[in-house]
Amino acid sequence: MSSSYSLGLHEVGQGAYAYLQPDGGWGYSNAGLIVGDGCSLLVDTLFDLRLTEAMLESMRGVTGGAPIGTVVNTHANGDHCYGNQLVSGAEIVASSATAHEMTEVPPTMMAALNAADGDVGDLFRSFFGDFDFAGIELAPPTRTFDGRLDIDVGGRVVELIEVGPAHTRGDTIVHCPETKTVYTGDILFIGGTPIVWAGPLSNWVAACDLMLGMDIDTVVPGHGPVTDKSGVAQVRDYLAFVDDQSRQHHAAGDDAWEAARAIAREVGARPDFSGWGEFGRITVNVETAYRSLDPGHSTPDVVEQFRRMAHIEAGLAPGA
Ligand SMILES: [Zn+2]
């Protein structure tokens, strides 16, 4: 919990590490390493091969005597699994829902969008231009599970708990009871705004409540600095607030885009949320809330959603 927010490997408990990538914005994800007797478990790989190789290199002092035998992908977003091929000798574990979802956004699609001409390419590069998707051949999970799975890591029990659908369809958190540490994947963004691609929001709130009830001291988020239960509570409060506000706007007959802009102003007025980055994600979150309220609600395509996020962040300062 005392680790500073700097790039690289930090020991957060005995034999439990976080690999942090400030500033935690789009694509700058965290990973984890749990070291047992003679073998290790890696929680997530990174968005491209260069970043993943740098991470694995930083771990070699530890993994030299305890090679990575297991990789857990917390969910299907590329910033948590696109580096899998660099640890492909290991067993790769994910929930069934995550394994299924992982095929939907292949690295070749990201590479093509990053290289696209015109507005779409410019928009895409404004989010993901730092990353190099060339040469990535996604190594899929070799073992899947539903619900829960305990893994023995050199005598250490590591618990995988599926809490999705929430951020994505199959989110998993990774709990190391011995060190009272949980690796949340993108069930937590700290200092940045959570983005609810799958939902329902209530399911993500329930995932936060589950963690708040666990015997844990150290919480490694998917993005942002290491935190504790106070960080979990903040994310829970944001999601509950957005869910409640969305319900009110839906009941008033507001369309989702109108509601998102109004709720962005409300969020900006809240001192507990107003400093968070990527606040334009509210538009995705309200779309997801509206789909939960009305299964017939039609959400715009992903390009339009990125346009709307950029629009909110460019033109609508929090509190404006
Ligand atoms: Zn992520």
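Note: the structure precedes this text.
Fair warning: this is a prediction, and the values are worked out from it, not measured in the lab. (Residues numbered from 1 in each chain as written. Predicted model: local features only at pLDDT ≥ 70, side-chain atom pairs only at ≥ 80, totals over all residues. Heavy atoms only, no water.)

Undergrad: Before we move on, can you summarise the overall build of the chain with the specific residues and values?
TA: Across its full length, the chain carries 9 helices and 12 strands. Relative to a compact globule of 320 residues, whose C-alpha radius of gyration would be 20 Å, the chain shows 19 Å and is just as compact. For the chain, the C-alpha atoms occupy an extent of roughly 60 × 45 × 35 Å along the three principal directions. Every one of the 320 residues in the chain was classed for burial, and the buried ones make up 55%. Here the contacts in the chain between residues at least 6 apart in sequence split such that 66% fall between residues at least 24 apart. (Helix = DSSP H or I, 4+ residues; strand = E, 2+ residues; numbered from the N terminus. Rg over C-alpha atoms; globule rule 2.2 N^0.38 Å. Buried < 20%, exposed > 50% of the residue type's maximum accessible area, 1.4 Å probe, protein only. Contact = heavy atoms within 4.5 Å.)

Undergrad: Explain the packing of aromatic side chains to me, and be specific about the residues and the numbers.
TA: With the rule as written, the count across this model stands at 19 aromatic pairs. Between the aromatic rings of W197 and F306, the centroid separation amounts to 6.2 Å while the plane-to-plane angle is 50 degrees, which identifies the pairing as tilted. On the criterion of sequence distance, the pair formed by W197 in the loop between β11 (181–183) and α5 (201–212) and F306 in helix α9 (residues 302–315) is long-range, its members being 109 residues apart. Assessed through its relative accessible area of 26%, W197 is described here as partly exposed. Overall, the relative accessible area of 9% leaves F306 in the buried class. An aromatic cluster is defined as three or more aromatic residues linked by ring pairs; in this entry it consists of W26, Y28, F47, Y82, F124, F127, F128, F131, F133, W197 and F306. The cationic tip of R270 hangs over the ring face of F241; the distance from NZ or CZ to the ring centre is 4.8 Å. Lying over the aromatic face of W26, R281 brings its terminal NZ or CZ to 4.1 Å of the ring centre. (Phe/Tyr/Trp six-rings, centres within 6.5 Å; stacked < 30°, edge-to-face > 60°. Lys NZ or Arg CZ within 6 Å of the ring centre and 35° of its normal.)

Undergrad: Describe in detail the sheet that holds strand β10 (residues 172–176), supporting the description with residues and values.
TA: Pairing within the open sheet is mixed, and its 5 strands lie in the order β8-β9-β10-β11-β12. Each edge of the sheet is formed by a strand with only one pairing partner; in this case those strands are β8 (148–153) and β12 (218–220). Sheet twist, expressed as the average angle between the axes of neighbouring strands with direction ignored, equals 20 degrees. Inspection of the sheet shows β8 paired to strand β9 (residues 156–162) by 6 bridges, in the antiparallel sense. Looking at the pairing, R148 lines up with I161 of β9. (Pairing = 2+ DSSP bridges. Axes fitted to C-alpha atoms, helices over the stretch in contact; angles between N-to-C directions.)

Undergrad: Report on the coordination of the zinc ion, specifying residues and quantitative values.
TA: Distances from the zinc ion to its protein donors, namely D79 (OD), H80 (NE2), D186 (OD) and H223 (NE2), fall within the range 2.1 to 2.3 Å. Taken together, the 4 donor atoms coordinating the zinc ion span angles of 87 to 158 degrees at the metal, a pattern that classifies the geometry as irregular. Donor residues for the zinc ion, ordered by position in the chain, follow D-H-x105-D-x36-H. Of the two residues, D186 sits in the loop between β11 and α5 while H223 sits in the loop between β12 and α6 (229–251), which places them 37 residues apart along the sequence. By relative accessible area, D186 is classed as buried at 2%. Look at H223 and you get buried, because its relative accessible area is 2%. (Donors = N, O, S within 2.8 Å, 3.2 Å for Na, K, Ca; no water. Tetrahedral: all angles 85-135°; square planar, octahedral: opposite > 155°, others 65-115°.)

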